[in-house]
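Structural characterization, general
The primary structure of each chain is shown beneath.
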Amino acid sequence: MPLRKHRQHFRVYGNCFTAIAAVDWLHELLRYNSNFGPDVTRQQTIQLLKKFLKNHVIEDVKGRWGSEDLEDNSHLYRFASTSPLKPIPYRPPVSGPASVKKSFSMKEKEGFFKCRTSKKPGKETTVSIENVDPSKQDMETEPVIEVVQARALTEEDIQDVWRGITLTHLQKTLGLTALEDVLDPRHINSQNIVYNMTNVNKHGVVTLEDKTDDLPHWVLSAMKCLANWPKYDSNQPSYPGFERDVFKTVSDYFYSLPQPLLTFEYYELFVNILGLLQPQLERVAIEALQLCTLLLPPASRRKLQLLMRMISRMSQNVDMPRLHDAIGTRTLMVHTFSRCVLGCEEEVDLDELLATRLVSFLMDHHQEILQVPVYLQNAVRDHLVYLRKVQITYPGSGGVEAPMPIYSFCRQISTEEFEEQKLSVSQAAIADLLESLVKDKNMSVKDKKKKLKQFQRQYTDIYARRFPTTASEAQLFEDKPKIKPPMLISMKKPKAFGIRN
């Protein structure tokens, strides 16, 4: 620490320094020290200087010490004439094995900032700082500074961090007190989350190292043909109805899979999100689906990404020939692949309705839902940096450590409020589902009656509020737009008007 003369209150003090200069000098020293590193803050440096002042390593120019009254200002200090620090002796270079030299330097590091207080009857308290092995200190030893060395993180530790932060964000997004109601913890594989976040190509699609579970080459070729229609390989055959045969090939493959792409294990989780598919909650639903699809096996997530990209392009392609004589391309895509995306092991009456609604939402927002969430990457990276960081703790000051990543949560509500909100939101979403079913103009009358009967059996109260009487239900199918008869053009010869008329 450089010392020089300073003038204060018309007096000159020699061999002293200002608090600002001490903080600057010591902060720079600690940042390049292997025990601390570049993450040491200026406030941590001030805390260390306060301990030096309290233990009479330094004192102010008027000889006062014993407190922690030191701030980052121009107050003058000097080294105590009776400093408890022992001077570091000169040690000649040690010859011998490198392990001996390393062991010696580690002992110095362990005992560099250790102090010991001892009290004896009838004598004042004395404070001493010694380079001693902490294991040999007595019970009255109290460290001024405790340096917790960072431990090396294993692959299992990193996977646990990914799992914990992902589930924390998911629980916060869904507004649940616990995820166990909609998700079995035994089904969560941390390796799937890490793989889906880190093994992607430039388009955000998962790349598989093991190609056994990947799409067969002929299915991938057929999907590219439909997605880029009519720009397909000229070597492929071209005949009337060729595009329908290719589409049937793709749909037959996805129907042959042993389970839907969202898997049976996560059926309840994805169905629970259907309370969120409302215009005012669109962003929440996108974020929830983003996190839920990260739980999928990498092969299932890759197939879902490629399927959504294909059917989205096909539904927007004006050059795509009609693949069905009665319904449009988008409706055909939704009804064809809904059971391939979401399904339950046990058949449910409204299973198809729920699946079609989810697939329709995925088609519209698949680019956002199936991309890697950057905010989750940043949260995990910050937490891993925190775990790898050297921590400095000061006893009696509450500890000054590297800041822990902070996650904000929604305001906690009572169980009664939660159940009331859950009921109201879910009923509103189901009512919207009924309304969309009623207003669907592409559905035939026979199919609409069948779906309405299924809905009435499942949700009797909501159906009764929409159709309180049988007359109101019958009116739905009776009200048809009246077509005015065409005006008949009279072919009668107009009467001629003479002078008399």
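So, here's what we can say about the structure. Just so it is clear, the model here is predicted, and its values are computed rather than measured. (Residues numbered from 1 in each chain as written. Predicted model: local features only at pLDDT ≥ 70, side-chain atom pairs only at ≥ 80, totals over all residues. Heavy atoms only, no water.)

1. Focus: the overall build of the protein chain
Within the protein chain one finds 17 helices and eight strands. Split into buried and exposed, the 501 residues of the protein chain put 40% on the buried side. Considering only contacts within the protein chain whose residues lie at least 6 apart along the sequence, 63% involve residues at least 24 apart. For the protein chain, the accessible area works out to roughly 31,400 Å², and carbon and sulfur atoms hold 53% of it. (Helix = DSSP H or I, 4+ residues; strand = E, 2+ residues; numbered from the N terminus. Buried < 20%, exposed > 50% of the residue type's maximum accessible area, 1.4 Å probe, protein only. Contact = heavy atoms within 4.5 Å. Areas by Shrake-Rupley, 256 points an atom, 1.4 Å probe, with all protein chains shown as cover.)

2. Focus: the pairing of strand E4 (residues 76–79)
Relative to E4, strand E2 (residues 11–18) runs antiparallel, the two sharing two bridges. Paired with Thr 18 across the two strands is Leu 76, which belongs to E4. The pairing of strand E3 (residues 58–60) with E4 spans three bridges and is antiparallel. Across the sheet, residue Ile 58 finds its bridge partner in E4, namely Phe 79. (Pairing = 2+ DSSP bridges.)

3. Regarding the packing of aromatic side chains
One pass over the full model with this rule turns up eight aromatic pairs. Consider the rings of Phe 455 and Tyr 459, whose centres lie 5.5 Å apart with planes at 50°: the pair is tilted. Classification of Phe 455 as buried rests on a relative accessible area of 0%. Residue Tyr 459 is classed as partly exposed on the basis of its relative accessible area of 27%. A connected cluster of aromatic rings, assembled from ring pairs, spans Trp 218, Phe 247, Tyr 253, Phe 254 and Phe 337. (Phe/Tyr/Trp six-rings, centres within 6.5 Å; stacked < 30°, edge-to-face > 60°.)

4. What about the pattern of salt bridges?
Two side chains of opposite charge can pair, provided their charged atoms sit close to one another. Counted by the stated rule, this structure contains 14 salt bridges. Notably, a salt bridge pairs Arg 302 with Asp 214, separated by 2.8 Å at the nearest N-O pair. Taken together, the residues span a long stretch of sequence, with Arg 302 in helix H10 (residues 298–316) and Asp 214 in the loop between helix H5 (190–198) and helix H6 (217–227) at a distance of 88 residues. Classification of Asp 214 by relative accessible area gives buried; the value is 14%. Salt bridges sharing partners connect three or more residues here, namely Asp 24, Arg 42 and Asp 72. (Salt bridge = Lys/Arg side-chain N within 4 Å of Asp/Glu carboxyl O.)

5. Examining the side chain of Gln 290
Position of Gln 290 relative to the elements: it lies in helix H9 (residues 282–293). What makes Gln 290 buried here is its relative accessible area of 8%. For Gln 290, the contacting residues outside a window of four places in its chain are Glu 368, Ile 369, Gln 371, Pro 373 and Tyr 375.

6. Considerations on the nonpolar core
In terms of nonpolar packing, the biggest core is built from 93 residues, with Phe 254, Leu 307, Met 308, Met 310 and Phe 337 touching the most fellow members. For this core, the element with the highest residue contribution is helix H12 (residues 351–369), accounting for nine residues. Aside from chain neighbours lying at most four places away, what touches Met 308 is Val 341, Val 359, Leu 362, Met 363, His 366 and Leu 370. One finds Phe 17, Ile 46, Leu 49 and Tyr 77 within the second-largest nonpolar core, a separate group that totals 17 residues. (Core = buried A, V, L, I, M, F, W, Y, C linked by side-chain atoms within 4.5 Å.)

7. Here we look at helix H15 (residues 445–458)
An ideal rise of 1.5 Å per residue puts 20 Å on 14 residues; H15 measures up with 20 Å between its terminal C-alpha atoms. Of the residues making up H15, those classed as buried are Lys 448, Lys 451, Leu 452, Gln 454 and Phe 455. The buried residues of H15 occupy one face: seen down the axis, they fall within an arc of 160°. Among the exposed residues of H15, those oriented more than 90 degrees off its buried face are Lys 446, Lys 450 and Arg 457. (Expected span 1.5 Å × (residues − 1). Arc of directions from axis to C-beta.)

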